[in-house]
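So you can see what is in the structure, the chains are spelled out below.
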Amino acid sequence: MTEIRTTLSNPLEVEADALVVAVYQDAERLDASARAVDEATGGLISGWLASGRMRGSLEETALLPAAGALRAPLLIVTGLGGHAEVDGQALRRAAARAARAARQAGALRLASTLYGAFLGDDLAAGAIVEGTLLGLDRFLTYKGRDQGEPRRPDPELFLLLAEPAREAAVRRAEVLARATLLARQLSNEPANQLPPRRMAERAQAVAAEAGLEFLALDEREMERLGMGALLGVNRGSHEPPRLLVLRYRCGRPDAPLLALVGKGIVFDSGGISLKPAAGMHEMKMDKSGAADVVAAMQAIAALRPAVDVIGVAPVTENMPGGGAQRPGDVVRAMNGTTIEVLNTDAEGRLVLADAVAYAAREGARWIVTVATLTGAVVTALGHEAAAVLGNDRRLIEAVIEAGQSAGERYWELPAWPEYRRLYRSEVADLANVAPRDAGAGTIVGGLFVGEFVGEAAWAHLDVAGTAWVEKPTALTESGATGFATRTLALLPERLAALL
Ligand code: BES
Ligand code: MN
Ligand code: ZN
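These numbers come from a predicted model, not from an experiment. (Residues numbered from 1 in each chain as written. Chains lettered and ligands numbered in written order. Predicted model: local features only at pLDDT ≥ 70, side-chain atom pairs only at ≥ 80, totals over all residues. Heavy atoms only, no water.)

A. Up close: the overall build of the chain. Tallying secondary structure elements over the chain gives 14 helices and 20 strands in all. The globule rule puts the C-alpha radius of gyration for 499 residues at 23 Å, and the 24 Å found for the chain is close to it. Principal-axis analysis of the C-alpha atoms places the extent of the chain at approximately 80 × 55 × 40 Å. Contacts spanning at least 24 positions in sequence make up 77% of the contacts within the chain whose residues lie at least 6 apart. Within the chain, one finds 52 positive and 62 negative side-chain charges whose respective centroids are separated by 2 Å. (Helix = DSSP H or I, 4+ residues; strand = E, 2+ residues; numbered from the N terminus. Rg over C-alpha atoms; globule rule 2.2 N^0.38 Å. Contact = heavy atoms within 4.5 Å. Lys, Arg positive; Asp, Glu negative; His and termini not counted. Charge placed at Lys NZ, Arg CZ, Asp CG, Glu CD.)

B. Representation of the coordination of the manganese ion (ligand 2) in the model. Here the manganese ion (ligand 2) is held by the protein donor atoms D268 (OD), D345 (O), D345 (OD) and E347 (OE), which lie 2.1 to 2.2 Å from it. Along the chain, the residues donating to the manganese ion (ligand 2) are arranged with the sequence spacing D-x76-D-x1-E. The zinc ion (ligand 3) is placed at 3.1 Å from the manganese ion (ligand 2), the two being bridged by D268. Of the two residues, D268 sits in strand β10 (residues 264-268) while E347 sits in the loop between β13 (338-341) and α10 (348-361), which places them 79 residues apart along the sequence. Each of the two residues, D268 as well as E347, counts as buried. (Donors = N, O, S within 2.8 Å, 3.2 Å for Na, K, Ca; no water. Buried < 20%, exposed > 50% of the residue type's maximum accessible area, 1.4 Å probe, protein only.)

C. Spotlight on the site of ligand 1. For ligand 1, the set of nearby residues contains 16 residues, the closest of which are K275, D286, D345, E347 and G375. One of the side-chain nitrogen or oxygen atoms of K275 is found 2.8 Å away from an oxygen atom of ligand 1. Interatomic distance of 2.8 Å between a side-chain N/O atom of D286 and a nitrogen atom of ligand 1. Taking 520 Å² as the accessible area of ligand 1 by itself, protein coverage stands at 76%. When its residues are assigned to classes, the shell around ligand 1 shows five nonpolar, four polar and seven charged. (Near = heavy atom within 4 Å. Polar contact = N/O pair within 3.5 Å; in protein donor to acceptor, adjacent residues only side chain to side chain. Areas by Shrake-Rupley, 256 points an atom, 1.4 Å probe, with all protein chains shown as cover. Nonpolar A, V, L, I, M, F, W, Y, C, P; charged D, E, K, R; others polar.)

D. Examining the sheet that holds strand β17 (residues 430-431) more closely. Spatial strand order, β12-β13-β17: three strands in an open sheet with mixed pairing. Either end of the sheet is taken by a strand with one partner, and the two such strands are β12 (329-332) and β17. Bridge analysis of β13 against β17 gives two bridges, and the strand direction is parallel. Each bridged residue has a counterpart across the sheet, and for I339 the counterpart in β17 is L430. (Pairing = 2+ DSSP bridges.)

E. Quick peek at the pattern of salt bridges. Counted by the stated rule, this structure contains 35 salt bridges. The partner of R71 in a salt bridge is E15, and the shortest N-O contact between them spans 3.6 Å. Separated by 56 residues along the polypeptide, R71 in the loop between β3 (61-65) and β4 (74-79) and E15 in the loop between β1 (4-7) and β2 (18-23) bring together distant segments of the chain. R71 gets classed as partly exposed once you look at its relative accessible area, which sits at 48%. It is possible to trace a salt-bridge network through shared partners that takes in R100, R103, R138, D154 and E477. (Salt bridge = Lys/Arg side-chain N within 4 Å of Asp/Glu carboxyl O.)

F. Looking closely at the nonpolar core. Ranked by internal contacts, the top residues of the largest apolar core, which has 63 residues, are L244, L260, M297 and L461. If near-sequence neighbours (up to four positions away) are discounted, M297 is found in contact with L212, L246, R247, Y248, L260, V309, I310 and G311. In this structure, L217, V245, A353 and L373 belong to the second largest nonpolar core, which totals 52 residues. (Core = buried A, V, L, I, M, F, W, Y, C linked by side-chain atoms within 4.5 Å.)

The following block contains the structure:
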């Protein structure tokens, strides 16, 4: 695991295997650190730029041997693009690229200058730490031996700070990044390795270590509470379900409660409305919402915001076993609402119905649901943004703003009441899907979940397009991204500030 250390030494003196400096595409192509390194190395960086082999755009990295002139034998020059385009996300991506390049070059001690500091030293330090940890992360739990290429160890990071005061920003970023890695880890686990009972054990261990209260409801307790929608989804599975509840108390007796509610389908086969075989294995990631919530609670315990927070995660498989619910079945959710299950593959909204009703009964002032809910969100937004919708402007805006500082994008979809007609049922209070060709799949799925929030302010995040990558991207080497974890971790502080 990558250690993050800070040091007050300067770039010419730091003992490391590699040193990162950044360059820009436009005027002032070198910042102060890069200039100092350039002078000490007889114009290594400026010469490289003058040769035309690097423009300094974002996505570019050069490895320049610096033997002799610096303590670090290797200089990693990373491009940041034009000054006007640089933001936290650009720094995260540059840091991830530099860290991967260092690992590839066999560097075990990676030193980095505080590039992008014109955005604010804390922001730059935080983004470099996050980018490094996110970019290096790989899912290796089940990898015994390498195939061909040797597996290189991760470097540790020494971040060069001018003032010790920046240390707090580094530790905050580390909390956010480590939570994201936890979400990825849980989400990447195959369904046979992480059935609901095991997921509950993992969440319990996280809660114990973080100092959170923990509760896992079993089938009997769900029956007692009347969670017929969640239990219905579980019927086709041999693995019993769990409803996880993690609780953070801020210490003020009158503090309002935020509930984070995450979909935890450890495997979504579709149930009797079976999915096609191609790509079905990826449906182990259908627990990403629950993983995000457990991980965000870990971060929240460390960040200590001034509101109370519960994380709620309904966890089950969606399987087509002999006891499985059938299309046409009617189930009754905890709040008494009856639901006609017209498609057993629209299971996320069913498990969330009971989990959200539970959160509402706990007295949540705000409820945020996060789920890999609909394939339709990929049609709408591709893989660049998650959809957000809800019933409360301030909460939706708080989510979008928390996402901006986290480097996670949300795009709002409308929640007009006219859409509610689409999930009327002939026989029950609601149907779990709209008629074929109704369109608006992400809105329908979201609004269905919103039927269970009672009086709470509510926002819903559909992360089906952003929770998983098929090939490596700037910040994710493979598989689960942990998208939404950092947003959820930052949200309570934003809400506390609104009080
Ligand atoms: N888990 C899926 C949604 C999903 C799709 C997640 C792609 C990640 C990637 C969800 O349970 C589902 O099956 N949704 C259906 C809803 C439909 C039956 C109304 C869908 O999107 O097709
Ligand atoms: Mn499904
Ligand atoms: Zn699903």
